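Letter by letter, the chains look like this.
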Amino acid sequence: MFWKLIVCIIAGLGAGVGTGFAGMSAAAVISPMLITFLGFPAYEAVGIALASDVLASAASAYTYGKNKNIDIKNGLVMLAAVLVFTMAGSYVASLVPNASMGSFSVFMTLLLGIKFLVRPVMNTKEAQEGKTLRQKVVQSIICGAFIGMICGFIGAGGGMMMLLILTSVLGYELKTAVGTSVFIMTFTALTGALSHFAIGGAPDVFALVVCVAATLLGAQVAAKIANRAQAKTLNRITGGVLTGLGAVMIAMQLFG
């Protein structure tokens, strides 16, 4: 029980930091850690991770909103597409073998970390110039559908891809992109968690409570720091944490 408590706290704090700093899904950290270190079924682990994401994303969104770093109106189209396809992704995930989901989740953690280290997400407002309203709406729907499927299927990567799309495709500056991302992730995580629990049954209550509390704490602290820090620094910190976690968990699977 003590080992379970420690793993859940570390997983939750790590996930909260990623959410608060870069708008990433908590499932990028929590689900692979629960799978690797505690032997949780992958589907249950993702459900717990998505549930942890709800309050963490909401708290982060509140902090970014206070600093005027959220664009709610232009995120609603993407949100609608993401919500619909999160439910579809959650159903598809219930049909996938447990081992396949676990391996994909761990691998995605490492890739997320490397991405943040090698190519930080920076301001790309110029990318959106000259696009019509129809183009923006179509792009939001297509991108939202893609993100929703991944968020519902495994969770990991949904927040990062949303951040990439908001900056490089839809032309947001980084902090507004993170704020808008965690706003959307609040609802996608809630939808994904409810879908997982409805299909797979009630999760481990102890792990759920500890992960939710730790993720919320980490997200609140990280979001406050993020709104005052430089974008590249935040990318480097988050990338380093995820790369380290991913490498350790892959080593555990290969040699454990």
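Below: a short report on this structure. These numbers come from a predicted model, not from an experiment.

Some thoughts on the overall build of the chain
In terms of regular secondary structure, the chain is built from ten helices and zero strands. Order of helices (α) and strands (β) in the chain, N terminus to C terminus: α-α-α-α-α-α-α-α-α-α. Burial analysis of the chain (256 residues in total) assigns 55% to the buried set. Counting only carbon and sulfur atoms, one obtains 71% of the accessible surface of the chain, whose full area is about 10,800 Å².

So, the packing of helix α1 (residues 2–22) against helix α9 (residues 205–226)
The interhelical angle for the contact between α1 and α9, taken along N-to-C directions, is 35°, at an axis separation of 6 Å. For α1 against α9, the interelement crossing comes out right-handed. Taken together, the residues of the contact of α1 with α9 break down into 18 nonpolar, five polar and one charged.

Section: the packing of aromatic side chains
If you walk through the whole model with that rule in mind, you get two aromatic pairs. Summarising the aromatic geometry, the rings of Trp-3 and Phe-37 are spaced 6.4 Å apart at their centres and angled 90° between planes, so their arrangement reads as edge-to-face. Taken as a pair, Trp-3 in helix α1 and Phe-37 in helix α2 (residues 30–38) lie far apart in primary sequence, 34 residues in all. Where Phe-183 meets Phe-187, the ring centres are 5.4 Å apart and the plane angle is 75°; that geometry is what we call edge-to-face.

Structural notes on the nonpolar core
Core analysis: the largest hydrophobic core is formed by 63 residues, its most contacted members being Ile-30, Met-33, Leu-34 and Met-78. In contact with Ile-30, not counting residues within four places along its chain, are Ala-11, Gly-12, Ala-15, Ala-49, Ser-52, Cys-211 and Thr-215.

Definitions and limits used
- Residues numbered from 1 in each chain as written.
- Predicted model: local features only at pLDDT ≥ 70, side-chain atom pairs only at ≥ 80, totals over all residues.
- Heavy atoms only, no water.
- Helix = DSSP H or I, 4+ residues; strand = E, 2+ residues; numbered from the N terminus.
- Buried < 20%, exposed > 50% of the residue type's maximum accessible area, 1.4 Å probe, protein only.
- Areas by Shrake-Rupley, 256 points an atom, 1.4 Å probe, with all protein chains shown as cover.
- Axes fitted to C-alpha atoms, helices over the stretch in contact; angles between N-to-C directions.
- Left-handed = near helix turned anticlockwise from the far one by under 90°.
- Nonpolar A, V, L, I, M, F, W, Y, C, P; charged D, E, K, R; others polar.
- Phe/Tyr/Trp six-rings, centres within 6.5 Å; stacked < 30°, edge-to-face > 60°.
- Core = buried A, V, L, I, M, F, W, Y, C linked by side-chain atoms within 4.5 Å.
- Contact = heavy atoms within 4.5 Å.

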